[in-house]
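Structural description and commentary
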Amino acid sequence: MEDKPGGFSGSREWIGSVEVALVLDQLLDVPGKIVHTRSGRELEEVFEKLKTHFDQTGCPVMMGGDLDASSKGVFGTCQTSSEKYFLIVDPHFVKTDACETDSADLVEAGWAKWVNLDGFSGSSFYNLCLPQIKSDALNQE
């Protein structure tokens, strides 16, 4: 893709949401819309945008930050009368033969959880990659 130095390929360096968008676009012809927040406190401002994305596409969102460097898969939103949450799935999960993978086990092990927006770092920016699935792809079920 030539957006990284030559030694990057085959390395154990991390990629972020911007690179995820580039890969989706180049390899799968699925553009990724990057939504940026300057801090976790601004996630409240993009909550409705993510809710609409999930309602319209059902497609997961990749989320990463700088000081909060743990990448996250966002798979849904939830809102109560006073709180807002993202459904976070850890993208580092790898199923092994000895590993149970029903939803209760994944939640109990911490691989999937509802995270209150207040739980995100106020000191970290966040980039979210929203894959822009074409409407004809959604209708090919």
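To be clear, the structure that these remarks concern was listed above.
Residue positions are counted from 1 within each chain, in the order its sequence is given. Totals for whole chains, interfaces and linings use all residues, but because this is a predicted model, local features are given only for residues with pLDDT of at least 70 and pairs of side-chain atoms are given and counted only at 80 or more. Values reported for side chains reflect all heavy atoms of the structure, with hydrogen atoms and water molecules removed beforehand.

1. Thoughts on the overall build of the protein chain
The condition is simple: Segments assigned H or I by DSSP are reported as helices when at least four residues long, segments assigned E as strands when at least two residues long, and all are numbered from the N terminus. Remark: exposure states derive from per-residue accessible area (1.4 Å probe, protein chains only) relative to the maximum for the residue type, with buried under 20%, exposed over 50%, and partly exposed in between. The contact criterion used throughout is that any non-hydrogen atoms of two residues lie within 4.5 Å. Areas reported as accessible are Shrake-Rupley estimates using a 1.4 Å probe. Residue values count occlusion only from the protein chains shown.
When helices and strands are counted, the protein chain shows four helices and six strands. Of all 141 residues assigned to the protein chain, the portion counted as buried reaches 30%. Once local pairs closer than 6 in sequence are excluded, the contacts in the protein chain between residues at least 24 apart make up 65%. Accessible surface for the protein chain amounts to roughly 9100 Å². Of this, 51% is attributable to carbon and sulfur atoms.

2. Describing the nonpolar core
Operational definition: Nonpolar cores were defined as sets of buried Ala, Val, Leu, Ile, Met, Phe, Trp, Tyr and Cys residues, with membership established by side-chain atoms within 4.5 Å.
In terms of nonpolar packing, the biggest core is built from 17 residues, with L43, L50, M63, V74, F86, F120 and L128 touching the most fellow members. For this core, the elements supplying multiple residues, two or more each, are helix 2 (43-57), strand 2 (61-65), strand 4 (84-89) and strand 6 (126-131). For this core, the leading source of residues is helix 2, giving five residues. If sequence neighbours within four positions are ignored, L50 has contacts with V74, T77, F86, L128 and L130. Core analysis: the next-biggest nonpolar cluster, separate from the first, contains six residues, V20, A21, L24 and M62 among them.

3. Thoughts on the side chain of K84
For clarity, the threshold we go by: Any pair of nitrogen or oxygen atoms within 3.5 Å is treated as a polar contact; in protein, a donor-acceptor pairing is required on top of that, and neighbouring residues in sequence qualify only through side-chain atoms on both sides.
Inspection of the secondary structure puts K84 in strand 4. A residue is classified by how much of its surface remains accessible, and K84, at 15% relative accessible area, is buried. A polar contact of 2.8 Å, which involves the side chain of K84, links it to the side chain of E44. Excluding residues within four positions of it along the chain, K84 makes contact with E44, F47, C78, Q79, V115, N116 and L117.

4. A word on the pattern of salt bridges
Here is the rule: By convention in these notes, a salt bridge is any Lys or Arg side-chain nitrogen within 4 Å of a carboxyl oxygen on Asp or Glu.
Scanning the entire structure with this criterion turns up four salt bridges. Its salt-bridge partner being D68, residue K72 comes within 3.0 Å of it at the nearest N-O pair. For the pair K72 and D68, a shared accessibility class is recorded, and that class is buried.

5. Side note on the environment of L117
Mapping L117 onto the fold places it in the loop between strand 5 (112-116) and strand 6. When its relative accessible area of 6% is taken as the criterion, L117 is described as buried. A C-alpha to C-alpha distance of 6.0 Å links L117 and K84, two positions 33 residues apart in sequence. With residues near it in sequence (within four places) discarded, L117 still touches G40, L43, E44, F47, K84 and F86.

6. So, unusual backbone geometry
Its identity as a non-glycine residue notwithstanding, D29 has a phi of 60°, on the positive side. The residue D29 is located in the loop between helix 1 (17-28) and strand 1 (32-37) in this model.

7. Some thoughts on the pairing of strand 3 (residues 72-79)
Formally: Pairing between two strands is assigned when DSSP locates at least 2 bridges connecting them.
Bridge count for strand 2 against strand 3 is three bridges, and the pairing is antiparallel. Considered in strand 3, the bridge of M62 is made with G73. Sheet analysis places strand 3 next to strand 4, joined by six bridges and oriented antiparallel. Paired with Q79 across the two strands is K84, which belongs to strand 4. Counted along the chain from strand 3 to the antiparallel partner strand 4, the turn is four residues long.

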